[in-house]
Amino acid sequence: MMTLSQCHIRGIRILFRGGCIRKISDSKYTVRSRAHSDWYAVRWREKKWRCECADFRKNRGPCEHIYSVLYLLRLPTILLLNTNYEAFICPRCGAEPDMTTSKGGRDNKTGRVQIFKCKNCGHKFSSTLGFSKPRHDPLLITAAIDLYMKNLSFRQVQQHLEMIYGCEVTPMTVHNWVKRYTKLVTNYAENLRPNVGGEWHADEMVVKIKQSHAYLWNVLDRKTRFLLVSTLTKGRGVKEATRILREAVGSAGKKPGRLVTDALKSYNKAVGSLKVRQHISGPKFSNPSNNNLIERLHGTLRTRYDGLRALGGVRSGATLADGILFNYNFIRPHLGLDGSTPAEAAGIRVKSRNKWHYFITAAKRHKNRKALCRQGNRRTNTSLHSQRC
Ligand SMILES: [Zn+2]
Ligand SMILES: [Zn+2]
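For every chain, the first residue of its written sequence is number 1, and the numbers climb from 1 along that sequence. Each chain gets a letter, beginning with A, and each ligand a number, beginning with 1, in the order they are written. Note on the predicted model: pLDDT of at least 70 is required for a residue's local features to be given, and 80 or more for side-chain atom pairs to be given and counted; whole-chain, interface and lining totals, by contrast, use all residues. Values shown for side chains rest on all heavy atoms present in the structure; no hydrogens or waters enter the calculation.

Trainee: What am I meant to see in the packing of aromatic side chains here?
Mentor: Both the distance between ring centres and the angle between the ring planes are used here to describe each pair of aromatic rings. Ring pairs shown here join Phe, Tyr and Trp side chains whose ring centres sit within 6.5 Å, with only the six-membered ring taken for Trp; geometry is labelled stacked below 30 degrees between planes, edge-to-face above 60, and tilted in between. Under the counting rule described, the total for this entry stands at twelve aromatic pairs. Geometrically, the ring pair formed by Y29 and W49 is edge-to-face, given 6.0 Å between the ring centres and 65° between the ring planes. Taken together, the positions of Y29 in strand β2 (residues 28-32) and W49 in strand β4 (residues 48-51) put the pair 20 residues apart, joining distant regions of the chain. Assigned by exposure class, Y29 and W49 land together as buried. Each ring, one from Y67 and one from Y71, has its centre 6.5 Å from the other, and the planes form 35°; the classification is tilted. Of the two residues, Y67 and Y71 are both situated in helix α3 (residues 64-83); the distance of four residues between them amounts to about one turn of the helix. Aromatic rings pair up to connect F226, F326, F330, W356, Y358 and F359 into one cluster. Every helix listed is a DSSP run of H or I at least four residues long, and every strand listed is a run of E at least two residues long, numbered separately from the N terminus. Burial classes: relative accessible area under 20% of the type maximum marks a residue as buried, over 50% as exposed, and values in between as partly exposed (1.4 Å probe, protein chains only).

Trainee: What am I meant to see in unusual backbone geometry here?
Mentor: Leaving glycine out, the prevailing phi sign among residues is negative, and the prevailing peptide bond configuration is trans. Within the chain, K47 stands out as a residue other than glycine whose phi angle is a positive 60°. Backbone geometry places R225, a non-glycine residue, at a positive phi of 65°. With relative accessibility at 18%, the residue R225 sits in the buried group.

Trainee: Would you mind going over the coordination of the zinc ion (ligand 1) with me for this structure?
Mentor: Around a metal, the ideal angle is 109.5 degrees if four donors adopt a tetrahedral arrangement and 90 or 180 degrees if six donors adopt an octahedral arrangement. Nitrogen, oxygen and sulfur within 2.8 Å of a metal are treated as its donors, or within 3.2 Å for sodium, potassium and calcium (Na, K, Ca); water is not counted, so a site can appear incomplete. At 2.1 to 2.3 Å from the zinc ion (ligand 1) lie its protein donor atoms, namely C51 (SG), C53 (SG), C63 (SG) and H65 (ND1). Every donor counted, the four donor atoms about the zinc ion (ligand 1) form angles of 107 to 111° at the centre, which fits tetrahedral coordination. Each donor residue of the zinc ion (ligand 1) lies on one chain, and together they are spaced C-x1-C-x9-C-x1-H. Comparing C63 with H65 shows no difference in burial state: the two are buried. All geometry calls rest on donor angles, where a four-donor set with angles between 85 and 135 degrees is tetrahedral, four- and six-donor sets with opposite donors more than 155 degrees apart and all others between 65 and 115 are square planar and octahedral, and all else is irregular.

Trainee: Explain the layout of surface pockets here, please?
Mentor: Taking a probe equal in size to a water molecule and rolling it over the atoms shows the remaining empty space. A pocket here means an open set of points on a 1 Å grid, computed over the protein atoms alone, that has protein on both sides within 12 Å along at least five of seven lines. A cavity is instead a set of points where a 1.4 Å probe fits but cannot get out; residues with an atom within 4 Å of a point line either one. Grid points are joined across faces, edges and corners, and a volume is the space filled by probe spheres set on the points. Quantified by volume, the largest pocket comes out at close to 960 Å³. The wall of the largest pocket is formed by 41 residues, among which L73, T110, R135, H136 and D137 lie closest to the centre. Breaking the lining of the largest pocket down by element, the ones donating at least two residues are α3, β5 (100-108), β6 (111-118), β7 (124-126), α4 (138-149) and α12 (355-380). Per-element accounting of the lining of the largest pocket gives the leading share, seven residues, to α3. Just so you know the grouping, Ala, Val, Leu, Ile, Met, Phe, Trp, Tyr, Cys and Pro go in nonpolar, Asp, Glu, Lys and Arg go in charged, and all remaining residues, Gly too, go in polar. Per-class residue counts for the lining of the largest pocket are 16 nonpolar, 13 polar and twelve charged. The calculated volume of the second largest pocket comes to roughly 480 Å³. Along the wall of the second largest pocket there are 23 residues; nearest its centre are T186, E190, L228, D322 and L325. Looking at the lining of the second largest pocket, the elements with two or more residues in it are α6 (171-189), β10 (227-233), α7 (238-252) and α10 (313-331). Looking at the lining of the second largest pocket, the element that brings in the most residues is α10, giving seven residues.

Trainee: What is the right way to look at the sheet that holds β6 in this model?
Mentor: Within a beta sheet, neighbouring strands are joined by backbone hydrogen bonds and run either parallel or antiparallel to one another. Between any two strands, pairing holds if DSSP finds at least two bridges. In spatial order, the strands read β5-β6-β7; together these three strands make up an open sheet with antiparallel pairing. Since the sheet does not close on itself, it has two edges, and those belong to β5 and β7, each with one partner. Each strand of the sheet is rotated relative to its neighbour by a mean of 30°, with strand direction disregarded. Relative to β7, β6 runs antiparallel, the two sharing three bridges. Looking across to β7, one finds that I115 is bridged to S126. Axis definition: a line fitted to C-alpha atoms, over the contacting stretch in the case of helices. Angles run 0 to 180 degrees between N-to-C directions.

Trainee: I'm lost on the coordination of the zinc ion (ligand 2) in this one. Help?
Mentor: Coordination of the zinc ion (ligand 2) by the protein is provided by C90 (SG), C93 (SG), C118 (SG) and C121 (SG), with metal-donor distances spanning 2.3 to 2.4 Å. In this structure, the zinc ion (ligand 2) is surrounded by four donor atoms whose angles at the metal cover 106 to 114°, and the resulting shape is tetrahedral. Sequence spacing of the donor residues for the zinc ion (ligand 2), all on one chain, is C-x2-C-x24-C-x2-C. Of the two residues, C93 sits in the loop between α3 and β5 while C118 sits in strand β6, which places them 25 residues apart along the sequence. Judged by relative accessible area, C93 falls into the partly exposed class, the value being 33%.

Trainee: Explanation requested: the nonpolar core in the structure shown.
Mentor: A general tendency of soluble globular proteins is for nonpolar side chains to be buried together. Remark: nonpolar core denotes a set of buried residues (Ala, Val, Leu, Ile, Met, Phe, Trp, Tyr, Cys) joined through side-chain atoms within 4.5 Å. Of all hydrophobic cores here, the largest spans 58 residues; its most connected members are Y181, W200, V219, L228, F326, F330 and F359. Sort the elements by how many residues they give to this core and α6 lands first, with eight residues. Residue contacts are counted whenever heavy atoms from the two residues lie within 4.5 Å of one another. If near-sequence neighbours (up to four positions away) are discounted, F326 is found in contact with V185, A189, I331, W356 and F359. Among the nonpolar cores identified, the runner-up in size contains 19 residues, and Y29, Y40, C51 and V69 belong to it.

Trainee: Explain the packing of α4 against α6 here, please?
Mentor: When two helices pack together, their arrangement is given by the angle between the helix axes and the distance between those axes. Remark: α4 packs on α6, axes separated minimally by 10 Å, with the N-to-C direction vectors making an angle of 90°. Taken together, the axes of α4 and α6 are roughly perpendicular relative to one another. Packed against α4, whose contacting residues are L140, I141, A144, I145, Y148 and M149, the element α6 presents V174, W177, V178, Y181 and T182 at the interface. In this scheme, roughly parallel covers angles under 35 degrees and roughly antiparallel covers those over 145, while 65 to 115 is roughly perpendicular and the rest are oblique.

The values are spatial; any link to function lies outside them.
Spelled out as structure tokens, the structure:
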């Protein structure tokens, strides 16, 4: 027996035929009628999609024209949910996607938000998890962040979204997405412990910021190419070198057996205070431990930094450096690692194709669980509970 109403099926038919839906604005579309060549206006008004056809006037419920628009808006979500296995993991208990069932959804201005229910813990969650009240589709948001990380400017990303997807945003909105979501995933990544090797390479390079310049420090693990630190500072003295090496140890959870650096003197004292077993300073290119691994990385990073016209000082430059670091470690396939990311080489596996989407939802799941733990702690106030968190 058919469960999908006739209006749904007709709406899908209109969509599949092509050329029958025209976008006038975010809140107005026109849809061609089946029988005649009339066009009906479908408008978002008073928190509801409304059509001017006789069916809508009679039933006051969604007609085939409204469904055609809703399915059109939903296409990016349909694509995302069918190509990213981990999009359905329960945000409360972490149950596998096989344990979640669809519970219908609600229609809003940007399409239909699908609701899922976890069979394990009963928790309900939506297909826009991790994207707080998005006015645009999560797939388009992640596409925008990815394009930006691939060296396009905010304006170029905005032009691409408008030309290819008919998605109207300002370059400022793209900027805000990049800022908000890189901060979210960067905070989450601090909880992930990469399984790195024992030989690290450290180097620093000059980056121009407005009229002055700053230093971008990088510490890279040779085996996995995982970038343990990528930080901007104003100076390059012992204080900064020590801070950078300590950060690298913090992010790896261990000290390196061998550290290869350039010839900068600041490293000597910093390495001394960390008690690293072997320090190779300013190796020659004939030396097998030479630093050209990281020099190559600098080439990659420099392209990215040179593409940025106005870095608003070290602070906002630092947010960007965090984003570039995350992209390098977790998103971008590494040619030297057979197309794996450094994070994957370091044991942090992701099955989803859309890695930005995966990490944004994973960050949100992590936040949810931490909030639940805090609530639990407040209620029980026992040390046992805080240990579990
Ligand atoms: Zn209608
Ligand atoms: Zn669950």
